[in-house]
Amino acid sequence: MTYLVLARNHLGSAGKPSSALNTLVADSTDTAAQLVGSPELWVSLSAEERMAIYVEQLKISTHTELGKALYDGLPEDERRPLDLFLRLGCAMHKDLNSVKGGNSAMMLSWGDLGAVPPILLANKENASALRGVDIETIMAASSLLSTEDLSPAELQALESSTRGGVKLTSLAGALFNHKDDKKGHHDTYSYYFREVVGQPLRFPDTSNTRYGSHCAAAAELLVHREHYLRFLEVVRDRKERTGFNHMEENVFRGLQDVPTLTELAVLALYGQAVTYPYLRTARRFQNGLKLGPFHDQLKSHIEKLIETPDLLLDASASASTAALDGEEWEHPDVVAAILKLVPELPHIREVLLAFLEGTKTTWARFTVEFAKGGAIDSATETELDRAFLLPTNDHNEGALGGYRLWSRKCPNGSEAYFNALTMYHQNGTEEFMDAHLSSLDDQKHIRAAARDLDSSGHERTRRKALVQHNIAVANQRSRERLEKQRKADAAMEKIRLTVLILDLAVVDSLKNTALDEQLEVYRKRQAEQDPLVPMKSKVTRRAEKLEALKAAIARLQSRAEATAAPGPVSGN
């Protein structure tokens, strides 16, 4: 891109072409003709084909040759601004990903502890598949990977179901503040808590995946846990046919499960100690490129919490030492409720440490732009000021949300009109017009230009291009799916025609390719009868393949002996 900009500036515009541009065009035309092979072949091409070859050659001449030559000829002090490229990730997304990384580590920690994990909060379909499996078997299968006692359907249901604090906050968000106002308990919930708690509550917007909503939702559920349990009982008992629906039952059970409450407490504590203080600083109007020291401070603070978790868990925990900025807790009642609950949560220390270790790893990965010796660290103060970047992407995402709301009010309004309206207000266009475009001639010209734009059909052209692109993508994907299916069918046909070899002496002499083919038959043709054949990626060495194949043969022969008709299998 730098080469291209330098070349364009050097060549001038199409309205005022320089002699260098005229020379470049002539040379590119000659080169394009030479690439074809001969003048006769060039003339035989269609105008579109000649233009495509010429344009490609002009790009090469402009970018690769002229642009590079101009760049190489610049002194070092003029190259530096052109070489400077600074990237900054959104601070809101950094925190969001830190919570995600911490939660992943927290979920894994139960297996490392050898403790009973949070209860499974399966959806209705999976819960039905698992109805015949007792809880002890489920826990063993999830923590010890013991799947022998589960059917394929039960195993699939288990593996696709989730559990834990974030799962519970997601379900609660869908129940108490669903993004679709026709679903959930919106008004019932609001009226109940206004009367019982004494103030209206709005459940954190996990249904819309708002930033920090899971930490906030965890805090909300812990502070008013007894009220939420009672509210769910009221919902259950007031129905004509008394009972919970499946989601209500999951939330009700989750709010009484100690491991799930432990994860809620960890999420809420992290929100108070890190997320809220971090966002208080990061969301200020400032140059995000200068927040490297602040992120170093954040990572050091997490290290401190890992070394001394009692800063958060001790009954005398104080924001002055546990919060990132040392300021008062965002919600002191949340911390008080958790500290009161801590004696009932036997694994909270270990789970908290696992969560903090996960966030530490994630913060390191999402702050690489501030690394010592990197582009931002090496830039001067002046360069950072010139490249000013806001710490968050709120202004862009806020504009997208604004467009969504505006399109509801103005369903016939075009995207171009919304953009023009937004720029009009954002850029102070009215003040500029009052100062510089107040004459009748100016107004007449503006109206004429607007009418020309409206009659140009630019919005129709944009919509048409979108439709054509979607159709082209759909056609391409369809061709790819057909080709993929063709290859899959060919592979299955090959597997169908492959004869199983049961003679162990012959098996010992097989090469890697033949071993792979034999194992693939068991994976595809014998999958239901023998799910224990390892995946191809798990057996990469010949010895491993040989061992897996012999084990599969032994299982096949055992099944054959147990049945009266073993089926047509060759022993060659």
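Reading guide: rules and limits
Residues numbered from 1 in each chain as written. Predicted model: local features only at pLDDT ≥ 70, side-chain atom pairs only at ≥ 80, totals over all residues. Heavy atoms only, no water. Helix = DSSP H or I, 4+ residues; strand = E, 2+ residues; numbered from the N terminus. Buried < 20%, exposed > 50% of the residue type's maximum accessible area, 1.4 Å probe, protein only. Contact = heavy atoms within 4.5 Å. Core = buried A, V, L, I, M, F, W, Y, C linked by side-chain atoms within 4.5 Å. 1 Å grid on protein atoms, 1.4 Å probe; cavity = no way out; pocket = protein on both sides within 12 Å on 5 of 7 lines; lining within 4 Å. Points joined across faces, edges and corners; volume = space filled by probe spheres on them. Nonpolar A, V, L, I, M, F, W, Y, C, P; charged D, E, K, R; others polar. Salt bridge = Lys/Arg side-chain N within 4 Å of Asp/Glu carboxyl O. pLDDT = per-residue confidence, 0-100. Polar contact = N/O pair within 3.5 Å; in protein donor to acceptor, adjacent residues only side chain to side chain. Axes fitted to C-alpha atoms, helices over the stretch in contact; angles between N-to-C directions. Parallel < 35°, antiparallel > 145°, perpendicular 65-115°, else oblique. Left-handed = near helix turned anticlockwise from the far one by under 90°. Patch = residues over 30% accessible without salt bridge, like charges linked within 9 Å, V, L, I, M, F, W, Y side chains within 5 Å. Areas by Shrake-Rupley, 256 points an atom, 1.4 Å probe, with all protein chains shown as cover. Lys, Arg positive; Asp, Glu negative; His and termini not counted. Charge placed at Lys NZ, Arg CZ, Asp CG, Glu CD. Phe/Tyr/Trp six-rings, centres within 6.5 Å; stacked < 30°, edge-to-face > 60°. Expected span 1.5 Å × (residues − 1).

Draft legend 1. Representation of the overall build of the protein within the structure. Scanning the protein for helices and strands turns up 30 helices and zero strands. Each of the 572 residues in the protein was classed as buried or not, and the buried ones make up 36%. Sequence separation of at least 24 residues holds for 72% of the intrachain contacts in the protein that already meet a minimum separation of 6.

Draft legend 2. Summary view of the nonpolar core. With 81 residues, the main nonpolar core has Phe-176 and Tyr-278 as its most contacted residues. Element by element, the count of residues in this core is highest for helix α15 (residues 258-282), at 13 residues. When near neighbours in sequence (up to four residues on either side) are disregarded, Phe-176 contacts His-186, Tyr-189, Phe-203, Tyr-228, Phe-231, Leu-232 and Val-251.

Draft legend 3. Molecular detail of the layout of surface pockets. Considered as a void within the structure, the second largest pocket measures approximately 620 Å³ in volume. For the second largest pocket, the lining is made up of 17 residues, of which Tyr-417, Ala-420, Ile-446, Ala-450 and Leu-453 are closest to its centre. Of all the elements in the fold, those that place two or more residues in the lining of the second largest pocket are α24 (415-426), α25 (429-436) and α26 (440-455). Counting residues per element, the lining of the second largest pocket draws most heavily on α26, at six residues. Class assignment of the residues belonging to the lining of the second largest pocket gives a composition of twelve nonpolar, three polar and two charged.

Draft legend 4. View of helix α11 (residues 186-196). Regarding α11, the residues found buried are Tyr-189, Ser-190, Tyr-192 and Phe-193. Just downstream of α11 lies Gly-198, where phi reads positive at about 95°.

Draft legend 5. Focus on the pattern of salt bridges. The full count for this structure, using the stated rule, is 25 salt bridges. Glu-303 serves as the salt-bridge partner of Lys-360, at 2.9 Å between the closest nitrogen and oxygen. Of this pair, Lys-360 sits in helix α20 (residues 348-365) while Glu-303 sits in helix α16 (residues 292-307), and the two are 57 residues apart along the sequence. Counted as one network, the salt bridges with shared partners bring together Glu-415, Glu-459, Arg-462 and Arg-463.

Draft legend 6. View of the confidence of the model for the protein. Here the protein averages 84 in pLDDT, and 85% of its residues register 70 or above. The low-confidence segment residues 140-147, where pLDDT is below 50, has ten contacts with residues more than four positions distant or belonging to other chains.

Draft legend 7. Quick peek at the side chain of Gln-272. Here Gln-272 is to be found in helix α15. Note on Gln-272: relative accessible area 2%, which makes it buried. Among the polar contacts made by the side chain of Gln-272, one reaches the main-chain amide nitrogen of Glu-330 at a distance of 3.2 Å. Setting aside residues up to four positions removed in sequence, Gln-272 forms contacts with Pro-277, Ala-323, Trp-329, Glu-330, His-331, Val-334 and Val-335.

Draft legend 8. Here's a closer look at the packing of helix α13 (residues 225-237) against helix α14 (residues 246-254). Viewed as axis vectors pointing N to C, α13 and α14 meet at an angle of 150°, and their least axial separation amounts to 10 Å. With respect to α14, the element α13 is oriented roughly antiparallel. Between α13 and α14 lies a crossing of left-handed hand. Two secondary-structure elements touch here, α13 through Leu-229, Leu-232, Glu-233 and Val-235 and α14 through Glu-248, Val-251 and Phe-252. Here the contact of α13 with α14 is composed, by residue class, of five nonpolar, no polar and two charged.

Draft legend 9. Molecular detail of the packing of α15 against α16. Two elements in contact, α15 and α16, have axes separated by 12 Å at closest approach and are oriented at 170°. In terms of axis orientation, α15 runs roughly antiparallel to α16. Of the residues in α16, those touching α15 at Tyr-270, Ala-273, Val-274, Tyr-278 and Thr-281 are Phe-294, His-295, Leu-298, His-301, Ile-302 and Leu-305. Residue classes in the contact of α15 with α16 are distributed as eight nonpolar, three polar and no charged.

Draft legend 10. Just the environment of Gln-476, in detail. Among the structural elements, Gln-476 can be located in helix α27 (residues 458-497). Owing to a relative accessible area of 35%, Gln-476 belongs among the partly exposed residues under this scheme. Among the polar contacts listed, one links the side chain of Gln-476 to the side chain of Arg-479, at a separation of 2.7 Å.

Draft legend 11. A look at a negative patch on the surface. On the surface, Glu-76, Asp-77, Glu-78 and Asp-83 cluster together into a patch of negative charge. Along the chain, Asp-77 falls in helix α5 (residues 76-83). Residue classification places Asp-77 among the exposed residues on the basis of a relative accessible area of 60%.

Draft legend 12. Quick look at the packing of aromatic side chains. Per the stated rule, a full pass over the model turns up 21 aromatic pairs. Summarising the aromatic geometry, the rings of Phe-176 and Tyr-228 are spaced 5.1 Å apart at their centres and angled 45° between planes, so their arrangement reads as tilted. Within this pair, whereas Phe-176 is found in helix α10 (residues 165-176), its partner Tyr-228 is found in helix α13, the two being separated by 52 residues in sequence. Given a relative accessible area of 0%, Tyr-228 falls into the buried group. Ring geometry for Tyr-278 and Trp-363: centres 4.9 Å apart, planes at 65°, overall edge-to-face. Of this pair, Tyr-278 sits in helix α15 while Trp-363 sits in helix α20, and the two are 85 residues apart along the sequence. The burial state of Tyr-278 is the same as that of Trp-363; both residues are buried. A network of ring pairs unites the aromatic residues Phe-176, Tyr-189, Tyr-192, Phe-193, Phe-203, Tyr-228 and Phe-231 as a single cluster.

Draft legend 13. Layout of helix α29 (residues 512-525). Taking 1.5 Å of rise per residue, the 14 residues of α29 would be expected to cover 20 Å, and the 20 Å separating its terminal C-alpha atoms lies within 8% of that figure. Next to the buried residues of α29 lie α27, α28 (504-508) and α30 (542-561).

Draft legend 14. Region of the structure containing the environment of Arg-460. By the element assignment, Arg-460 lies in helix α27. By relative accessible area, Arg-460 is classed as exposed at 58%. Along the backbone, Arg-460 and Ser-414 are 46 residues apart, and their C-alpha atoms lie at a distance of 9.6 Å.

Draft legend 15. Representation of the environment of Val-351. Among the structural elements, Val-351 can be located in helix α20. Along the chain, Val-351 and Val-266 lie 85 residues apart, while their C-alpha atoms are 7.5 Å from each other.

Draft legend 16. Region of interest: the side chain of Arg-225. Topologically, Arg-225 is positioned in helix α13. Not counting the four nearest positions on each side in its chain, Arg-225 is found in contact with Leu-255, Gln-256 and Leu-261.

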